[in-house]
Amino acid sequence: METDRHTLEAQISPTMATNTKRLLLSDLVSSDKIDQVPSHYIRPISQRPNLQNVYHDHTIPLIDLHDLYTPNRSHVVHQIGRACRDYGFFQVKNHGVPESTIANMMNIAREFFKLPEEERLKTYSDDPTKTTRLSTSFNIRTEKVANWRDFLRLHCHPLQDYIHEWPTNPESFRDHVAEYCRSARGLALVLIEAISESLGLERDYINRQLGNHGQHMALNYYPPCPQPDLTYGLPGHTDLNLITILLQDEVPGLQVLRNGHWVAVDPVPNTFIINIGDQIQVLSNDRYKSVLHRAVVNCEKERISIPTFYCPSRDAVIGPASELVSEDEPAVYRQFTYGEYYDKFWNRGLATENCLDMFTVTSSSS
Ligand code: OGA
Ligand code: NI
């Protein structure tokens, strides 16, 4: 947008005073060497992460996908169904994404965030409708308190529609990220089949509800934070999409809400963390819950996480599966297009109220 470009030029002009407000948090942290969290990142006392109350010894299930294509398939499907119902989160191993693909993705993300400020700022935008953009916090146009995060967001399916927008620096960015996206998509499709089956639906039921399908990803960069008790990388939220496949580096930070307690999900090399998003909650008519999760920061180490958000295309009509609706269990949600849901989600600024509440059969605001 025009106005963005003007602000941007003003911000990076070498003639400006050195304490100009920076667009990206990483540059504030690395260049301005701050030793306190600026006031607009500080949460009110009642909303702080309370890090000493987090559980570290309860974790989410780890499911081995190896048997999905053996006569033991039904056992794995059952495990996935139970994890979706009881946790909304699980980890997977033997997921079919090669270790080299994962390593290349993580390395290229690390290299991207180390590029000089003016190079990274070429993709900067605070407009959430842009399909490729580097930004900061969550949605700086709507939020009151900022989050300790920079992120590069990309659309990645169909790949040929978006790849030309992606950064070309580092040089192998497009190759490595495209390879990762294709592989992550393969895993998403396998999981969506298993989830369909676990709900007693036909194996391809959910796949058929997604229109032309969509896939987005974020490269999240959380710089070290001088006062991690005062702020978040991302505050508690649910994901709006269908399922999320999260790759994280070796630095802990993800926490999941379980029975009213925040539980840390510490990294296990070469596994992915899978979570149910709002669209599965709708399709399953509340059998599976899209669970609150958050990212906290720490004072020592930067952290990179790379979620793949698998989703319907904008025109896909989503609603509870008719097989899961009965007189005893009436439809909880009305039908809507994913585009409508997506726009509402981004405009609300990660407010504490659940976006799903705006799409219930009984909601008047919808
Ligand atoms: C997200 C998210 C968690 C993390 O990007 O939606 O939940 O650990 N990220 O970065
Ligand atoms: Ni999330």
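Data block above holds the structure.
Residues numbered from 1 in each chain as written. Chains lettered and ligands numbered in written order. Predicted model: local features only at pLDDT ≥ 70, side-chain atom pairs only at ≥ 80, totals over all residues. Heavy atoms only, no water.

Here's the deal with the sheet that holds strand β8 (residues 254–258)
The following threshold applies: Strands were regarded as paired on the criterion that DSSP finds at least two bridges between them. Numbered from the N terminus, helices here are DSSP runs of H or I no shorter than four residues, and strands are runs of E no shorter than two. Under this scheme, a helix contributes an axis fitted over its contacting stretch, all axes are lines through C-alpha atoms, and angles between N-to-C directions fall in the 0 to 180 degree range.
The 4 strands lie next to each other as β6-β11-β8-β9, forming an open sheet whose pairing is antiparallel. Unpaired on one side and paired on the other, β6 (234–237) and β9 (261–264) mark the two borders of the sheet. The average angle at which neighbouring strand axes cross in this sheet is 20°, direction not considered. Across 4 bridges, the pairing between β8 and β9 is antiparallel. What sits directly across from V256, in β9, is V263.

So, unusual backbone geometry
Cis geometry is adopted by the peptide bond preceding P158, which originates at H157 and carries an omega value of -5°. Considering the arrangement of structural elements, one finds P158 in the loop between β4 (150–157) and α6 (159–162). Of note, the amide linkage connecting N169 to P170 takes the cis form, showing an omega dihedral of 0°. At S137, a residue that is not glycine, the phi angle is positive and equals roughly 65°. Inspection of the secondary structure puts S137 in the loop between β3 (132–136) and β4. Residues other than glycine seldom take positive phi values, yet N259 does so here, at roughly 50°. Its place among the elements puts N259 in the loop between β8 and β9.

Quick word on the site of ligand 1
Applicable threshold: Being near a molecule or strand, for a residue, comes down to having at least one heavy atom within 4 Å of it. What qualifies as a polar contact is a pair of N or O atoms within 3.5 Å, subject to a donor-acceptor requirement within protein and to the restriction that residues adjacent in sequence count only when both atoms come from side chains. The nonpolar class holds Ala, Val, Leu, Ile, Met, Phe, Trp, Tyr, Cys and Pro. Asp, Glu, Lys and Arg form the charged class, and all remaining residues, Gly among them, are polar.
Around ligand 1, the structure places 13 residues, and the nearest of them are Y222, H237, H293, R303 and S305. Here an oxygen atom of ligand 1 and a side-chain polar atom of N220 are 3.3 Å apart. When contributions to the shell around ligand 1 are tallied by element, the ones reaching two or more residues are β5 (214–222), β6, β11 (293–295) and β12 (303–311). Looking at which element gives the most residues to the shell around ligand 1, the answer is β12, with 4 residues. When the residues that make up the shell around ligand 1 are grouped by side-chain class, the tally is 7 nonpolar, 4 polar and 2 charged.

What to know about the environment of I140
Under the convention used in this document: Note on contacts: a residue pair qualifies if any of its non-hydrogen atoms lie within 4.5 Å across the two residues.
Residue position: I140 is located in the loop between β3 and β4. With 186 residues separating them along the chain, I140 and S326 place their C-alpha atoms 42 Å apart. Beyond its immediate chain neighbours, meaning those up to four positions away, I140 contacts Y124 and D126.

Quick look at the coordination of the nickel ion (ligand 2)
Selection rule: A donor here means any N, O or S atom no more than 2.8 Å from the metal (3.2 Å for Na, K and Ca); water is not included, so a site may seem to lack partners. Exposure classes here rest on a 1.4 Å probe applied to the protein chains alone. A residue is buried below 20% of its type maximum, exposed above 50%, and partly exposed in between.
For the nickel ion (ligand 2), the full set of protein donor atoms is H237 (NE2), D239 (OD) and H293 (NE2), and the range of their distances to it is 2.1 Å. Binding-site remark: the nickel ion (ligand 2) is held by donors from one chain whose sequence spacing is H-x1-D-x53-H. Taken together, the residues H237 in strand β6 and H293 in strand β11 connect sequence positions 56 residues apart. In this structure H293 comes out as buried when scored by relative accessible area, which is 6%.

Quick look at the pattern of salt bridges
The test is simple: Basic side-chain nitrogens of Lys or Arg form a salt bridge, by our definition, when they fall within 4 Å of a carboxyl oxygen of Asp or Glu.
Across all of its chains, the model carries 16 salt bridges by this definition. Its salt-bridge partner being D86, residue R85 comes within 3.0 Å of it at the nearest N-O pair. Given the relative accessible area of 35%, D86 is considered partly exposed. Between D204 and R208 there is a salt bridge whose closest N-O contact spans 3.3 Å. Among the residues examined, R208 registers a relative accessible area of 46% and is labelled partly exposed.

Considerations on the pairing of β8
Walk down a regular strand and you will see the side chains alternate between the two sheet faces. Here β8 pairs with β11 via 3 bridges, running antiparallel. The partner of Q255 across the bridge, within β11, is R294. Following β8, the chain reverses through 2 residues before pairing antiparallel with β9; N259 in that reversal takes a positive phi of roughly 50°.

Examining the sheet that holds strand β7 (residues 243–248)
Adjacent strands of a sheet pair through backbone hydrogen bonds, lying either parallel or antiparallel. Spatial strand order, β1-β2-β10-β7-β12-β5-β4-β3: 8 strands in an open sheet with mixed pairing. Each edge of the sheet is formed by a strand with only one pairing partner; in this case those strands are β1 (62–64) and β3. The average undirected angle you get between the axes of adjacent strands in this sheet is 25°. Strand direction decides the pairing type here: β7 and β12, joined by 6 bridges, are antiparallel. Looking at β12, one finds that L247 is bridged to I306. Against the sheet, helix α3 (residues 73–86) makes contact with β1, β2 (89–93) and β10 (272–276), and its axis sits at roughly 160° relative to β1, the strand it touches most. This element, helix α10 (residues 338–347), spans β3, β4, β5 and β12 of the sheet and lies at about 175° to β4.

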